[in-house]
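# Overview (structure and organization)
What follows is the residue order along each chain.
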Amino acid sequence: MPSPQLLVLFGSQTGTAQDVSERLGREARRRRLGCRVQALDSYPVVNLINEPLVIFVCATTGQGDPPDNMKNFWRFIFRKNLPSTALCQMDFAVLGLGDSSYAKFNFVAKKLHRRLLQLGGSALLPVCLGDDQHELGPDAAVDPWLRDLWDRVLGLYPPPPGLTEIPPGVPLPSKFTLLFLQEAPSTGSEGQRVAHPGSQEPPSESKPFLAPMISNQRVTGPSHFQDVRLIEFDILGSGISFAAGDVVLIQPSNSAAHVQRFCQVLGLDPDQLFMLQPREPDVSSPTRLPQPCSMRHLVSHYLDIASVPRRSFFELLACLSLHELEREKLLEFSSAQGQEELFEYCNRPRRTILEVLCDFPHTAAAIPPDYLLDLIPVIRPRAFSIASSLLTHPSRLQILVAVVQFQTRLKEPRRGLCSSWLASLDPGQGPVRVPLWVRPGSLAFPETPDTPVIMVGPGTGVAPFRAAIQERVAQGQTGNFLFFGCRWRDQDFYWEAEWQELEKRDCLTLIPAFSREQPPALFSALQEQKVYVQHRLRELGSLVWELLDRQGAYFYLAGNAKSMPADVSEALMSIFQEEGGLCSPDAAAYLARLQQTRRFQTETWA
């Protein structure tokens, strides 16, 4: 390969942008182009002035926010003192990944494209707007955009004479080789790199803290459809500190049954030890993997075999397949024409990587171990709002976890990897330790003691507000107004006794909405009337307006991103018009001002 010319930088929250970036890297190598692929925050951004050709792949999260691994880059690139000629030597293109059901569809990619032009960069193409809502997913926009991109790039950087493109059916070299050991080395022991108690540096993704689990308690009624857990960890001596609104990241593992099945299907010995060796000099081994490592450790803690495979998985699997019929089907799934069929086979029923490998047994049995890290993505940490305050629970960290389980047309129920793994851990049966670390969340609460806060948290969305209320009460702040929504008072009313005790002390005003518990008169209508948090907001519109407009209150919203945020915003608009006497455009401007001044903050998840 020639020296690196193309740089691909990504901002990814769920892994899609990283997957597309790695696809770009593979396609560049097939075209004999040197290519580096990096997360935006791991790249020294001051070096951008020396880069001739950069592709940015950016997801948009939440309400138009950049992903966590590009937030530092985002702050830097929008500095006002950057000269308008800073990037005048750079050709660039921006590929965005978003969801058109959100108001700020691909906001990050659009804004970055404009900013790069302001700094003197030359755009190779208009910004690509990948859309999760399209029936074929983001690929519907990405595929034709990439064809145009390579036409432009190869015009600028033609391949060296005599070197032709590597055909699609030929696998590229693996990133790593696995050097199998005949016997265990006499020194060193396999284990995760962890932050030890008393360590100088706070725990992080590369060095998590193995937190003892103190309790794992179901907090929904036995007949409730969903299993929700309140889980407590001991963080004494970890160096972990947090405030209300922060989040904890937890690194889950695959189940022992899935690990065993995977090793059987691929013909791997779980106890086989190996050393991981990068093929390229500028590639380093993953810090999360010990050296030496066992196959069991690799599959248990690193390879995300329970995830739904992306198209790139089928592309590489087809290259590696030696079985004619299976290879033919895999090629179909990885082609542009086969995306509808792939969606029906894989995405709609949420079929996992392990299940796909079981469906293609001849191909699975012939996968060279060197390709495991190219083929299967890494298990990503899961973020949970911290549901407790250190002022109330010193040296403890609590989370509220809804265990994800649902049925598709497949016989086996679909289960969330992290929530199911956490639910399976029982500290009553012996010591349990969970790798975790903390980072700032998107919610920040006012420090002024007399500023009221209005918190809207249906379901598990109430978790960050419990931390905030505990913290504020401990600091003597009493203007706490909580709108909490659930289905049934006796099934999923989280922390009912705690809220009632705080109400008695005049530390909290609680406004609950029980969506399935309406008076009999309401059921006489043809359609059942369900009461949600947005209805309670409208009912108490005069109080909400008084708090926001006259007392300078902050408004917070947390929970499911599907329709609730839009419904709450609509309720606020209605309050501004009815109680504040504002016309519709002025009400919209008022809401926008609250957002701009951080007096309206949201934390939502899909």
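These lines cover the structure that appears in this document, whether it is placed above or below. (Residues numbered from 1 in each chain as written. Predicted model: local features only at pLDDT ≥ 70, side-chain atom pairs only at ≥ 80, totals over all residues. Heavy atoms only, no water.)

So, on to the packing of aromatic side chains. In this structure the tally under the stated criterion is 16 aromatic pairs. Look at phenylalanine 333 and tyrosine 345: their rings are 4.9 Å apart centre to centre, the planes differ by 15°, and that puts the pair in the stacked class. You can see phenylalanine 333 sitting in helix α8 (residues 324-334) and its partner tyrosine 345 sitting in helix α9 (residues 339-347), a full 12 residues away along the chain. Among the residues examined, phenylalanine 333 registers a relative accessible area of 3% and is labelled buried. The rings of Phe313, Phe314, Phe333 and Tyr345 are connected pair by pair, giving a single aromatic cluster. Here lysine 104 stacks its cationic end above the ring of phenylalanine 107, 4.9 Å away from the centre of that ring. In this structure, lysine 111 is placed above the aromatic ring of phenylalanine 78, and the distance from its NZ or CZ to the ring centre is 4.9 Å. (Phe/Tyr/Trp six-rings, centres within 6.5 Å; stacked < 30°, edge-to-face > 60°. Helix = DSSP H or I, 4+ residues; strand = E, 2+ residues; numbered from the N terminus. Buried < 20%, exposed > 50% of the residue type's maximum accessible area, 1.4 Å probe, protein only. Lys NZ or Arg CZ within 6 Å of the ring centre and 35° of its normal.)

Most of strand β9 (residues 228-234) is tucked away: 7 of the 7 residues are buried. Residue alternation in β9 divides its side chains into two sets, Val228, Leu230, Glu232 and Asp234 and Arg229, Ile231 and Phe233, and both sets are buried. Sheet analysis places strand β8 (residues 209-218) next to β9, joined by 5 bridges and oriented antiparallel. Paired with asparagine 216 across the bridge in β9 is isoleucine 231. Note: β9 against strand β14 (residues 396-402), 7 bridges, orientation antiparallel. Within β14, the position partnered with valine 228 by the bridge is alanine 402. (Pairing = 2+ DSSP bridges.)

For the second largest pocket, the calculated volume is near 1100 Å³. In terms of lining residues, the second largest pocket is bounded by 31 residues, among which Gln63, Gly64, Asp65, Lys104 and Thr602 are the most central. When residues of the lining of the second largest pocket are traced back to their parent elements, those giving at least two are α2 (71-77), α3 (107-118), α18 (564-578), α19 (584-596) and β22 (600-605). Across the lining of the second largest pocket, the residue classes tally to 12 nonpolar, 12 polar and 7 charged. (1 Å grid on protein atoms, 1.4 Å probe; cavity = no way out; pocket = protein on both sides within 12 Å on 5 of 7 lines; lining within 4 Å. Points joined across faces, edges and corners; volume = space filled by probe spheres on them. Nonpolar A, V, L, I, M, F, W, Y, C, P; charged D, E, K, R; others polar.)

With that settled, the discussion passes to helix α14 (residues 463-474). Taking 1.5 Å per residue as the helical rise, α14 with its 12 residues ought to reach 16 Å, and the 17 Å between its terminal C-alpha atoms agrees with that figure. Most of α14 is tucked away: 11 of the 12 residues are buried. Of all the residues in α14, the buried ones are Ala463, Pro464, Phe465, Arg466, Ala467, Ala468, Ile469, Gln470, Glu471, Arg472 and Val473. Where α14 ends, the next residue or the one after it, glycine 476, has phi of about 80°, a positive value. (Expected span 1.5 Å × (residues − 1).)

Take the pattern of salt bridges next. Tallying each qualifying case throughout the model produces 25 salt bridges. Of the charged contacts in the structure, one is a salt bridge between arginine 36 and glutamate 51, with a shortest N-O distance of 2.9 Å. Note that arginine 36 is positioned in strand β2 (residues 35-39) and glutamate 51 in the loop between β2 and β3 (53-59), a separation of 15 residues in sequence. Judged by its relative accessible area of 22%, arginine 36 falls in the partly exposed class. Overall, the relative accessible area of 8% leaves glutamate 51 in the buried class. Here arginine 536 makes a salt bridge to glutamate 539, at a shortest N to O gap of 3.0 Å. Placement of both arginine 536 and glutamate 539 in helix α16 (residues 533-539) is noted, with a separation of 3 residues, approximately one turn of the helix. The class of glutamate 539 is exposed, set by a relative accessible area of 52%. (Salt bridge = Lys/Arg side-chain N within 4 Å of Asp/Glu carboxyl O.)

Between its first and last C-alpha, helix α4 (residues 139-156) extends 25 Å over 18 residues, near the 26 Å set by a 1.5 Å rise per residue. All buried positions along α4 are accounted for by Asp139, Val142, Asp143, Trp145, Leu146, Leu149, Trp150 and Val153.

So, about the packing of α18 against α19. α19 packs onto α18 with a crossing angle of 120° between their chain directions and a minimal axis gap of 9 Å. In terms of orientation, α18 and α19 fall into the oblique class. The two elements α18 and α19 meet at a crossing, and its hand is right-handed. For the pair α18 and α19, the contacting residues are Ser569, Leu572, Met573, Phe576 and Gln577 in the first and Ser584, Ala587, Ala588, Tyr590, Leu591 and Leu594 in the second. Tallied by class, residues from the contact of α18 with α19 come to 8 nonpolar, 3 polar and no charged. (Axes fitted to C-alpha atoms, helices over the stretch in contact; angles between N-to-C directions. Parallel < 35°, antiparallel > 145°, perpendicular 65-115°, else oblique. Left-handed = near helix turned anticlockwise from the far one by under 90°. Contact = heavy atoms within 4.5 Å.)

Before going further, it helps to spend a moment on the sheet that holds β14. Picture the strands of a sheet paired through backbone hydrogen bonds; they go either parallel or antiparallel. Taken in spatial order, the 6 strands of this open sheet run β13-β10-β17-β8-β9-β14, and their pairing is antiparallel. The sheet is open, and its two edges are formed by β13 (382-385) and β14, each paired on a single side. Across the sheet, the mean angle from the axis of one strand to that of its neighbour is 40°, orientation sign disregarded. Pairing geometry for β8 and strand β17 (residues 433-439), over 4 bridges, is antiparallel. When the sheet's bridge partners are listed, proline 212 is paired in β17 with arginine 433.

Formed by 42 residues in total, the largest nonpolar core has its most connected members in Phe262, Leu266, Leu298, Leu303, Phe314, Leu357 and Leu372. In terms of residues, this core owes the most to one element, helix α7 (residues 311-320), which gives 7 residues. Those residues in contact with leucine 357, other than ones at most four positions away along the chain, are Phe262, Val265, Leu266, Phe313, Leu317, Ala364 and Ile367. Counting residues in each nonpolar core, the second largest holds 30 residues, with Met455, Ile469, Tyr556 and Ala558 among its members. (Core = buried A, V, L, I, M, F, W, Y, C linked by side-chain atoms within 4.5 Å.)

Once that is clear, we can look at the state of the cysteines. Scanning the entire structure with this criterion turns up 0 disulfides. Left unpaired, cysteine 35 is separated from the closest cysteine sulfur, that of cysteine 58, by 15 Å. Distance from the sulfur of cysteine 58, which forms no disulfide, to the nearest cysteine sulfur (cysteine 128) is 11 Å. (Disulfide = S-S within 2.5 Å.)

Time to look at the environment of glycine 221. Within the fold, glycine 221 resides in the loop between β8 and β9. Since its relative accessible area comes to 9%, glycine 221 is described here as buried. Sequence spacing of glycine 221 and lysine 329 is 108 residues, and the spatial spacing of their C-alpha atoms is 46 Å.

Another aspect to go through is the sheet that holds strand β7 (residues 176-180). The antiparallel open sheet is built from 3 strands, whose spatial order is β7-β11-β12. Every other strand in the sheet has two partners, leaving β7 and β12 (293-294) as the edge strands with one partner each. Bridge count between strand β11 (residues 273-278) and β12: 2 bridges; the pairing is antiparallel. When the sheet's bridge partners are listed, phenylalanine 274 is paired in β12 with cysteine 293.

Attention shifts here to the packing of helix α1 (residues 16-30) against α4. Two numbers describe a pair of packed helices, the interaxial angle and the distance between the axes. Two numbers describe how α1 lies on α4: the axes approach to 12 Å, and their chain directions differ by 35°. Along this stretch, α1 crosses α4, giving a crossing that reads as right-handed. Across the interface between the two elements, Arg23, Leu24, Glu27 and Ala28 from α1 touch Asp139, Val142, Asp143, Leu146, Leu149 and Trp150 from α4. The class makeup of the residues in the contact of α1 with α4 is 6 nonpolar, no polar and 4 charged.

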